[in-house]
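# Summary of the model geometry
Listed below are the residues making up each chain.
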Amino acid sequence: MNLRAIKAALPSSPAFVIDRDALLANLLALAELKKHSGVRVLYSIKSLPLSRVLQEAKPYVDGFSVSSLFEARLAREVLPKPGGIHLTTPGLRPDEIEALGAHCTHIGFNSLSQFRRFAPVLDGKVSTGLRVNPKLSRLNDVRFDPCRRHSKLGVPIEDLASLESWQGIAGLHLHNSFSATGYTTLTETLQKIEDCLGDRLEQLEWINLGGGYLYGGIADQRPFIDAVRRLRSRYGVSAYIEPGKAVVGNAGHLIATVLDVFESDGKTVAVLDTSVNHHPEVFEYQRRPDLAEAAPNGGYPAILAGCTCLAGDLFGEYRFAAPLAIGDKVVFKHVGAYSLIKANRFNGCNLPDIYIAGNDGLECVKQFSYEEFRNQWRCGRDLPEDAKKDAAVTV
Ligand SMILES: *Cc1c(COP(=O)(O)O)cnc(C)c1O
């Protein structure tokens, strides 16, 4: 289904729509990479942990990568043992380590302190390793840079190099890239790892190269294939990648309806039935999502605004070929990753309905109700267990 057909068929708004063809194309691109390089592929579920996405990904991947106990449990429900579930997080908790050990096959500890404290508790049931900070900053925005000064992410590479014994360290976990469309950072990072750690890499069983690359969109896959083949043959390790955005980023769209249009200080403002709370990175990082209807040279600019009380709840100013009217639908494209998972119901505005667009049309896979909002905020007996039915309104 193309966007025009999806828009025409969509029965409700706002809607988060997953384009199944795009999702499968991304998974096929990763399978292709796997075939040529021998890399093992994990889907990093934090970008969109929707069970349907996990089910779609399952046949194409070697497992899932997770950041918490809840994610590990969800991944394990979709992928029974012995399927691979790999975890790394700076937030390991003593009260969860046992449960994590039961669900995860691999854990990359974020610090030597956590490794020393928790690896012995796991008692050989999990393949344990370390997240390493390669100290190679290649990002201009420190908010995304795991190698920033005073980083909280990973064991500094020089500490790993000077560590006398690597006993108990079966793998290394790297992740220092963000939405990259080439492999320069990867090859530079691996060069540094080899320079600093040398033949000690032979002692490892696995190296996890992290996420942060838009694999399917990279034209020349040679550097990746060569790097992975080299790791495997030279050091005898398994190589993993754990993409999130490369799996779902371009496969998800947020569709909204124009609720109101008016002029404000000489500019047109269109209020939508969605808000930046359905895609918080728009506000957090002042990002402007691609809009399907935008016409760069169109004569009708309008500020697309969210429906909450926050003055800065704005998607930005876009140009249109015709004036926007109440009831028009607009599509924020390629917002599949890190949108729905961060979405909230601020102002009591409901979350979007979730659809899968496939060959047979649109399938609504989830709708959120007043009951769910109420359950989130109801404390004990302050309100009765069941919501009062509103006789005047059918919901
Ligand atoms: C977020 C994250 C990923 C996935 O990153 P994408 O940019 O979505 O590919 C993989 N590994 C680690 C350690 C992460 O923090």
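So, how was this worked out
Residues numbered from 1 in each chain as written. Predicted model: local features only at pLDDT ≥ 70, side-chain atom pairs only at ≥ 80, totals over all residues. Heavy atoms only, no water. Helix = DSSP H or I, 4+ residues; strand = E, 2+ residues; numbered from the N terminus. Rg over C-alpha atoms; globule rule 2.2 N^0.38 Å. Contact = heavy atoms within 4.5 Å. Areas by Shrake-Rupley, 256 points an atom, 1.4 Å probe, with all protein chains shown as cover. Near = heavy atom within 4 Å. Polar contact = N/O pair within 3.5 Å; in protein donor to acceptor, adjacent residues only side chain to side chain. 1 Å grid on protein atoms, 1.4 Å probe; cavity = no way out; pocket = protein on both sides within 12 Å on 5 of 7 lines; lining within 4 Å. Sits in = over half its atoms within 2 Å of the grid points. Nonpolar A, V, L, I, M, F, W, Y, C, P; charged D, E, K, R; others polar. Buried < 20%, exposed > 50% of the residue type's maximum accessible area, 1.4 Å probe, protein only. Pairing = 2+ DSSP bridges. Core = buried A, V, L, I, M, F, W, Y, C linked by side-chain atoms within 4.5 Å. Phe/Tyr/Trp six-rings, centres within 6.5 Å; stacked < 30°, edge-to-face > 60°. Expected span 1.5 Å × (residues − 1). Arc of directions from axis to C-beta. Points joined across faces, edges and corners; volume = space filled by probe spheres on them. Salt bridge = Lys/Arg side-chain N within 4 Å of Asp/Glu carboxyl O.

## Things to note about the overall build of the chain
Scanning the chain from terminus to terminus reveals twelve helices and 18 strands. For 395 residues, the compact-globule estimate of 2.2 N^0.38 gives 21 Å, and the C-alpha radius of gyration of the chain, at 23 Å, lies within 12% of that figure. For the chain, the spread of C-alpha atoms along the three principal axes comes to 70 × 55 × 45 Å. A fraction of 65% describes how many contacts in the chain between residues 6 or more apart in sequence connect residues 24 or more apart. Entry remark: accessible area of the chain is about 19200 Å², with carbon and sulfur atoms responsible for 50%.

## A closer look at the site of the ligand
Close to the ligand lie 13 residues; Lys46, Gly212, Glu242, Lys245 and Tyr338 are nearest. Contact between the ligand and Glu242: a nitrogen atom at 2.7 Å from a side-chain N or O atom of the residue. Lys245 is positioned with one of its backbone polar atoms (N or O) 2.8 Å from an oxygen atom of the ligand. Protein contacts shield 86% of the accessible area of the ligand, which totals 390 Å² for the unbound molecule. Given that more than half its atoms are within 2 Å of the pocket grid, the ligand belongs to the largest pocket. Split into classes, the residues belonging to the shell around the ligand amount to two nonpolar, seven polar and four charged.

## Regarding the pairing of strand E2 (residues 40-44)
Burial runs high along E2: four of the five residues are buried. When E2 meets strand E10 (residues 238-241), the two strands line up parallel, connected through two bridges. Looking at E10, one finds that Arg40 is bridged to Tyr240. Across three bridges, E2 lies against strand E3 (residues 63-66) in parallel orientation. Residue pairing for E3: Leu42 is matched across the bridge by Gly63.

## Focus on the nonpolar core
The biggest cluster of nonpolar side chains holds 83 residues, and the ones touching the most others in it are Tyr43 and Phe64. In this view, Phe64 contacts Leu42, Tyr43, Ile45, Leu54, Ala57, Ala75, Val78, Leu79, Gly84, Ile85 and His86; residues no more than four positions away in its chain are not counted. In terms of nonpolar packing, the next biggest core, distinct from the first, is built from 17 residues, Val276, Leu291, Leu304 and Phe315 among them.

## As for the packing of aromatic side chains
Inspection of the entire model under this criterion finds twelve aromatic pairs. Taking the centre distance of 5.9 Å and the plane angle of 45 degrees together, the rings of Tyr213 and Tyr215 count as tilted. Note on Tyr213: relative accessible area 3%, which makes it buried. The buried category is assigned to Tyr215, whose relative accessible area is 3%. Relative to Phe332, the ring of Phe315 lies with its centre 4.3 Å away and its plane at 20 degrees, an arrangement referred to as stacked.

## Quick look at helix H9 (residues 222-235)
Over its 14 residues, H9 runs 20 Å from end to end, which matches the ideal 20 Å to within 8%, given 1.5 Å per residue. Here H9 has its buried residues at Phe224, Ile225, Ala227, Val228, Leu231 and Tyr235. Down the axis of H9, the sector holding all buried residues measures 165 degrees, keeping them to one side. Packed against the buried residues of H9 are helix H2 (20-37), helix H8 (184-197), strand E9 (206-208) and E10. Positioned one or two residues after H9, Gly236 has a phi angle of 65 degrees, which is positive.

## Side note on the layout of surface pockets
Of the volumes computed, that of the largest pocket is approximately 940 Å³. Lining the largest pocket are 40 residues; nearest its centre among them are Lys46, Arg131, Leu153, His175 and Tyr338. Of all the secondary-structure elements, those providing two or more residues to the lining of the largest pocket are E3, strand E4 (84-89) and helix H10 (245-248). Taken together, the residues of the lining of the largest pocket break down into 14 nonpolar, 15 polar and eleven charged.

## Describing the pattern of salt bridges
Pairing is possible between side chains that carry opposite charge, provided their charged atoms lie close to one another. A full pass over the atoms with the stated rule returns 17 salt bridges. Between Glu32 and Lys35 there is a salt bridge, with its nearest N and O atoms 3.8 Å apart. Residue Glu32 and its partner Lys35 are located together in helix H2, separated by three residues, close to a single helical turn. Salt-bridge contacts for Glu363 lead to Arg52; the nearest nitrogen and oxygen are separated by 3.0 Å. Here Glu363 is found in strand E18 (residues 361-366), whereas its partner Arg52 is found in helix H3 (residues 51-57), with 311 residues between them in sequence. Through salt bridges with shared partners, one network takes in Glu281, Glu284, Arg287 and Lys342.

## Focus: the environment of Lys35
Looking at Lys35, the relative accessible area reads 62%, which means it is exposed. Along the sequence, Lys35 and Ile225 sit 190 residues apart, while their C-alpha atoms lie 9.6 Å from each other.

## Comments concerning unusual backbone geometry
Here the amide bond leading from Ser13 into Pro14 is cis, since omega sits at 0 degrees, within 30 degrees of zero. Inspection of the secondary structure puts Pro14 in the loop between helix H1 (3-9) and strand E1 (15-19). Cis geometry marks the peptide bond from Lys81 to Pro82, where omega comes out at 5 degrees. With respect to the element layout, Pro82 can be found in the loop between helix H4 (69-78) and E4. Despite not being glycine, Gln286 shows a phi value in the positive range, around 50 degrees. Within the secondary structure layout, Gln286 lies in the loop between helix H11 (281-284) and strand E13 (290-291). Located in the positive-phi region is Tyr338, a residue other than glycine, with phi close to 60 degrees. Tyr338 gets classed as buried once you look at its relative accessible area, which sits at 18%.

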